[in-house]
Amino acid sequence: MKTSHDRDLIVIDGVSHTFATNSGNLQVLDDLTLGVPENGFTAIVGPSGCGKSTVTRLVAGLLKPDSGTVWLQGEKVTSPRATVGMAFQNPVLLEWRSILKNVMLPLEIVPNDLNQAARETRARDLLKLVGLAGFEDKRPSELSGGMRQRASLCRALVHRPEVLILDEPFGALDAFTREDLWMTMHRLREEEPFTGVLITHDLRESIFLADEVIVLSGRPATVQYRQALPQRGPRNLDQLYTPEATEMLNILREQIRIARESEDAGA
Amino acid sequence: MRQIYVPLLAMIIFLLFWEALVWVNDWPNYKMASPSDLWPAFWRFKGLFLTYGWETLWRTVVGLLIAIGVGVLLGMVMGFSKVMREGLYPLLVGFNAIPKATVVPIVALMFVGQHDLNTVLIAFMISFFPIAVSVSIGLSTLEPEYRDILRSLGASQLTIFWKIALPKTLPEFFGALKVAVTLAFIGTNLMEIVSPHGRGLGALFDSGKTNSDYPLMFAVLIALAVLGIALYYVVVVLEKMFAGWAERAPD
């Protein structure tokens with residue numbers, strides 16, 4: 001099984017996981033196997049509560065799988081590692097720090113040979129890249145939701161992680177802000193290549209941002225459907241409204257419907 | 001400017017009203033002292049007010065500092081461990097439910113003659129509870145994403161506490177400290193009043209009572225109010241320094 005993913009940077013190999021809850025055991029993942037190549041960007045979609053977030057926590061090393069293995073750069077993941085950056089739906093910025101200091105936080109924890117000035121330059125460059133130049137000294141409470149999420153992306157990338165894990169980072173934003181951030185994501189990927197996993201429930205978002213979309217089945221989740229997306233050069237939002245994109249969306253929507261039915265049948 | 005003269009004006013109106021009330025009703029000194037009686041009382045005992053005021057102040061502050069130490073420690077233990085929270089919380093609630101006025105004579109008897117010790121002890125006992133509760137709630141309600149952000153970078157528990165849990169709890173902590181500082185002050189005075197041959201403003205109050213010196217008793221009340229306000233604002237200034245970020249800018 002593993003051989004097929006030998007060249008992938010992230011490999012999830014036959015992973016099953018069960019949570020103990022008050023109402024008994026809840027199996028969320030069942031023999032899940034998938035890989036993300038270096039500098040690839042994979043979107044994972046699926047019915048809500050199917051275990052998508054569990055996948056991110058496994059890749060980040062925050063959670064150990066009951067069985068199966070997670071590999072990063074050919075190494076078994078058993079604990080958190082500094083080569084990972086994370087962003088969630090909640091931007092979780094530290095209210096007592098300025099935006100600049102928030103972005104610099106990982107550099108205070110991850111071992112690195114940057115001095116204070118270099119760290120600051122690095123954070124300022126990233127903030128500029130996402131359009132937050134001039135907001136470095138503001139507090140998070142002074143920024144809009146979209147701006148806070150931009151800062152959160154900068155914090156996830158500031159220590160140049162190999163892997164960027166995004167868990168519904170744009171889920172709480174309004175449609176226009178979300179589209180702005182999609183464009184920002186493309187700009188970031190051009191400037192700062194990374195290997196990414198994006199959890200989302202927005203099918204448009206998945207096909208606009210990712211190189212591959214994976215549909216997870218209902219709980220316990222396993223890979224139900226995977227679709228590689230053609231590389232399309234520079235992106236713009238019009239590409240979401242072409243016949244090809246609409247066809248793709250319909251296929252994915254149908255797959256989600258099947259996944260939800262499998263869940264209902266199981267429950 | 002307005003922030004100074006509005007409270008000042010309110011205070012003057014209050015004093016005038018008080019003076020007028022005593023004057024209109026023609027109350028004698030032993031029934032109700034008027035503000036104009038207070039200054040002579042202060043002047044007559046000015047030395048005692050200074051030394052006893054200092055006694056009351058340092059006992060309150062020491063009691064409060066111990067309460068902060070113990071309260072923060074208990075709060076941390078309860079905030080980080082669910083088992084400890086389940087075990088300690090009922091004990092603390094039970095202890096807090098006992099009116100401290102009833103504990104005062106017990107402590108006074110236990111450490112009879114040791115005024116400093118038992119006064120500090122009561123100030124501590126009465127004031128650590130809100131601190132412990134606020135710190136434990138602040139820590140246990142820390143959103144898991146905050147922890148994950150640092151944990152995914154390989155941060156230790158200590159780093160997570162230092163960089164996130166502690167600063168995030170500061171606003172709750174200072175809220176509790178404002179309550180605790182008033183409580184500690186009550187504790188100190190309870191003990192000073194009850195302790196025989198005690199010192200401190202409470203003892204001065206008690207001697208005023210014994211001698212039916214009403215102006216002195218009222219003067220002590222005013223002195224206590226001044227000390228209480230001063231302590232409270234020290235906490236406010238500290239809060240602004242360390243947790244000012246929690247204050248939203250007015251829209």
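Provided above is the structure to which this section pertains.
Treat the numbers as computed from the prediction; the structure is a model and nothing was measured.

(A) Structural detail: the overall build of chain B. Within chain B, the secondary structure is distributed over 10 helices and 0 strands. Ordered by position in the sequence, the α and β elements of chain B form the string α-α-α-α-α-α-α-α-α-α. With respect to the principal axes defined by its C-alpha atoms, chain B has extents near 75 × 50 × 30 Å. Sorting the 251 residues of chain B into buried and exposed places 37% on the buried side. Partitioning the intrachain contacts of chain B with sequence separation of at least 6 by distance along the chain shows that 75% fall at a separation of at least 24.

(B) Focus on the overall build of chain A. In terms of helices and strands, chain A carries 7 helices and 10 strands. Taking the principal axes of its C-alpha atoms as reference, chain A extends roughly 55 × 45 × 40 Å. Summarising the internal contacts of chain A: among those between residues at least 6 apart in sequence, 73% fall at separations of at least 24.

(C) Representation of the interface of chain A and chain B. Facing the 18 residues of chain A at the interface are 17 residues of chain B. Put simply, the parts of the chain that give the side of chain A that touches chain B at least two residues each are β6 (84-88) and α2 (99-109) of chain A. Ranked by residue count, the leading element in the side of chain A that touches chain B is β6 of chain A, at 3 residues. Looking at side-chain class alone, the side of chain A that touches chain B contains 13 nonpolar, 2 polar and 3 charged residues.

(D) Highlighting the sheet that holds strand β2 (residues 24-37) of chain A. Residue and element names in this part refer to chain A. If you trace the 4 strands from one edge of the open sheet to the other, you get β2-β1-β4-β5, paired in antiparallel fashion. Looking at strand neighbours, the two that pair on one side only are β2 and β5 (75-76), the edges of this open sheet. Of the strand pairs in this sheet, strand β1 (residues 8-21) and β2 are connected by 10 bridges, and their pairing is antiparallel. Counted as the bridge partner of Ala-20 is Asn-25 from β2. Against the sheet, helix α1 (residues 52-59) engages β1, β2 and β4 (67-72), with an angle of about 120° to β1.

(E) Seen up close, the nonpolar core. With 114 residues, the main nonpolar core has Val-59 and Cys-154 of chain A together with Ile-131 of chain B as its most contacted residues. If one sorts the elements of this core by residue count, helix α6 (residues 115-140) of chain B sits on top with 14 residues. Those residues in contact with Val-59 of chain A that sit more than four places away from it in its chain are Ile-10, Val-70, Val-77, Val-163, Ile-165 and Val-197 of chain A. By size, the runner-up hydrophobic cluster in this structure holds 15 residues, among which are Leu-38, Ala-41, Phe-205 and Phe-218 of chain B.

(F) Quick peek at the environment of Ile-109 of chain A. Position of Ile-109 of chain A relative to the elements: it lies in helix α2. Classification of Ile-109 of chain A as buried rests on a count of 20 C-beta atoms within 10 Å. Residue contacts for Ile-109 of chain A: discarding those within four places in its chain leaves Leu-150, Leu-153, Gly-154, Ala-155 and Thr-159 of chain B.

(G) Quick peek at the packing of helix α5 (residues 100-110) of chain B against helix α8 (residues 157-194) of chain B. Residue and element names in this part refer to chain B. Viewed as axis vectors pointing N to C, α5 and α8 meet at an angle of 50°, and their least axial separation amounts to 10 Å. The orientation of α5 relative to α8 falls into the category oblique. Like other packed secondary-structure pairs, α5 and α8 cross with a definite hand, here right-handed. Residue-level inspection shows Lys-100, Ala-101, Val-104, Pro-105 and Ala-108 of α5 in contact with α8, the latter providing Gly-187, Leu-190, Met-191 and Val-194. Of the residues that constitute the contact of α5 with α8, the class distribution is 7 nonpolar, 1 polar and 1 charged.

(H) Summary view of unusual backbone geometry. Residue and element names in this part refer to chain A. Cis rather than trans, the peptide bond between Arg-219 and Pro-220 has omega equal to -10°. Along the polypeptide, Pro-220 turns up in the loop between β9 (212-216) and β10 (223-228). Non-glycine residue Asn-39 carries a positive phi angle of around 60°. Using a count of 13 C-beta atoms within 10 Å as the deciding quantity, one classes Asn-39 as partly exposed. If you check the backbone angles, Val-92 has positive phi at about 35° while not being a glycine. One can find Val-92 in the loop between β6 and α2. In this structure Val-92 comes out as buried when scored by C-beta crowding, with 23 C-beta atoms within 10 Å.

(I) Spotlight on the sheet that holds β6 of chain A. Residues and elements named next belong to chain A. Taken together, the 6 strands give an open sheet; going across it, the order is β6-β7-β8-β3-β9-β10, and neighbouring strands pair in mixed fashion. At either end of the open sheet lies a strand with only one pairing partner, and these are β6 and β10. Within this sheet the neighbouring strands show an average axis-to-axis angle of 15°, counted without direction. The pairing of strand β7 (residues 163-167) with strand β8 (residues 195-199) spans 5 bridges and is classified as parallel. The residue of β8 that forms the bridge with Asp-167 is Ile-199.

(J) Layout of the packing of helix α4 (residues 145-157) of chain A against helix α5 (residues 175-191) of chain A. All names here are of chain A. Two elements in contact, α4 and α5, have axes whose closest approach is 10 Å; the angle formed by their N-to-C orientations is 20°. Between α4 and α5, the crossing angle belongs to the class labelled roughly parallel. Judged by the twist between their axes, the crossing of α4 over α5 is right-handed. In this structure, α4 contributes Gly-146, Gln-149, Arg-150, Leu-153 and Leu-157 to the contact, and α5 contributes Thr-177, Asp-180, Leu-181, Thr-184 and Leu-188. Split into classes, the residues belonging to the contact of α4 with α5 amount to 4 nonpolar, 4 polar and 2 charged.

(K) Region of interest: helix α3 (residues 116-129) of chain A. Residues and elements named next belong to chain A. In this model, α3 (14 residues) spans 20 Å end to end at C-alpha, consistent with the 20 Å of a helix rising 1.5 Å per residue. Buried residues of α3: Arg-122, Ala-123, Leu-126 and Leu-127, and no others. Along the long axis of α3, the arc covered by the buried residues comes to 130°, so they all point the same way. Exposed residues lying more than 90 degrees from the buried face of α3 are Ala-117, Ala-118 and Thr-121. Residues of α3 that are buried sit in contact with α2 and α4.

Each value, and the rule that gives it
- Residues numbered from 1 in each chain as written.
- Chains lettered and ligands numbered in written order.
- Predicted model: local features only at pLDDT ≥ 70, side-chain atom pairs only at ≥ 80, totals over all residues.
- Helix = DSSP H or I, 4+ residues; strand = E, 2+ residues; numbered from the N terminus.
- Buried ≥ 20, exposed ≤ 12 C-beta atoms within 10 Å, placed from the backbone.
- Contact = placed C-beta atoms within 7 Å.
- Nonpolar A, V, L, I, M, F, W, Y, C, P; charged D, E, K, R; others polar.
- Pairing = 2+ DSSP bridges.
- Axes fitted to C-alpha atoms, helices over the stretch in contact; angles between N-to-C directions.
- Core = buried A, V, L, I, M, F, W, Y, C linked by C-beta atoms within 7 Å.
- Parallel < 35°, antiparallel > 145°, perpendicular 65-115°, else oblique.
- Left-handed = near helix turned anticlockwise from the far one by under 90°.
- Expected span 1.5 Å × (residues − 1).
- Arc of directions from axis to C-beta.

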